[in-house]
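Read off the chains here:
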Amino acid sequence: MLRAMAIKDLTQVSHHLFLCNGSSCSDRGAAATTVAIRDEIHLCGLHDGLHTTKTLCNGRCDDGPVVIVQPDGVWYRQVTPTIGRRIVREHLRDGVSVDSQVLYQWGDDHLDPAK
Ligand code: FES
C-alpha cells in the first residue's frame, strides 16, 4: 500500500490556514469552502507561501464554517466558497482582511455582538 507523502518547503510559508471541517462546519458547507480556498490559492499562484490544514473543530461551531489565518490571528466566520476565495485574494494576496467576515482578531478584547 502506497502512502501519500508531502514534503513542503516550510521556509517559504508565510501563512497557515486552519479550515474547519468538523461536523457543524461540514453541515454548513465546509467541504466546498475548503475546495474553493485551495483552488483559489493555486489560481493566485500562492501555493508555495500558504499552507492549509483541515481541522475537526475550531471552537466556534455556531459561526461555521470557521477559517483561521495565522500568524495574523484572524478568525473568519460563515466562510462560503465565495468568501473563501475573497480571503485568499484580499487578505492573503493583497494584505487586506475581509472585514465583513472577521469574527475575532487576536488582541481584540471582545467579539462584536453583531457578529
Ligand atoms: S465544527 Fe467548526 S468550529 Fe466547531
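In the block above lies the structure referred to throughout.
A brief structural summary. This one's a predicted model, so the numbers in the text were calculated from it and none came from an experiment.

How each quantity is defined
- Residues numbered from 1 in each chain as written.
- Predicted model: local features only at pLDDT ≥ 70, side-chain atom pairs only at ≥ 80, totals over all residues.
- Axes fitted to C-alpha atoms, helices over the stretch in contact; angles between N-to-C directions.
- Helix = DSSP H or I, 4+ residues; strand = E, 2+ residues; numbered from the N terminus.
- Parallel < 35°, antiparallel > 145°, perpendicular 65-115°, else oblique.
- Left-handed = near helix turned anticlockwise from the far one by under 90°.
- Contact = placed C-beta atoms within 7 Å.
- Nonpolar A, V, L, I, M, F, W, Y, C, P; charged D, E, K, R; others polar.
- Expected span 1.5 Å × (residues − 1).
- Buried ≥ 20, exposed ≤ 12 C-beta atoms within 10 Å, placed from the backbone.

A few points about the packing of helix H2 (residues 30–43) against helix H3 (residues 81–93)
- It is the contact of H2 with H3, at a shortest axis distance of 8 Å, that shows an interaxial angle of 30°. With respect to H3, the element H2 is oriented roughly parallel. Between H2 and H3 lies a crossing whose hand is right-handed. Listed contacts from H3 to Ala-32, Thr-33, Ala-36, Ile-37, Glu-40 and Ile-41 of H2 are Pro-81, Gly-84, Arg-85, Ile-87, Val-88 and Arg-89.
- A class-by-class count of the residues in the contact of H2 with H3 yields 7 nonpolar, 2 polar and 3 charged.

Digging into H2
- The end-to-end C-alpha distance of H2, which contains 14 residues, comes to 20 Å, matching closely the 20 Å that a straight helix rising 1.5 Å per residue would cover.
- Tucked inside the fold, the buried residues of H2 contact strand E1 (15–20), helix H1 (23–27), strand E2 (50–55) and H3.
- Phi turns positive one or two residues past the end of H2, at Gly-45, with a value near 70°.

Considering the environment of Tyr-104
- Looking at where Tyr-104 falls in the secondary structure, it is placed in strand E5 (residues 102–105).
- Residue classification places Tyr-104 among the partly exposed residues on the basis of 18 C-beta atoms within 10 Å.
- For the pair Tyr-104 and Gln-78, spaced 26 residues apart in the sequence, the C-alpha separation amounts to 13 Å.
- Residues contacting Tyr-104, with those up to four places away along its chain left out, are Trp-75 and Leu-111.

Limitation: the analysis is restricted to geometry and does not speak to function.
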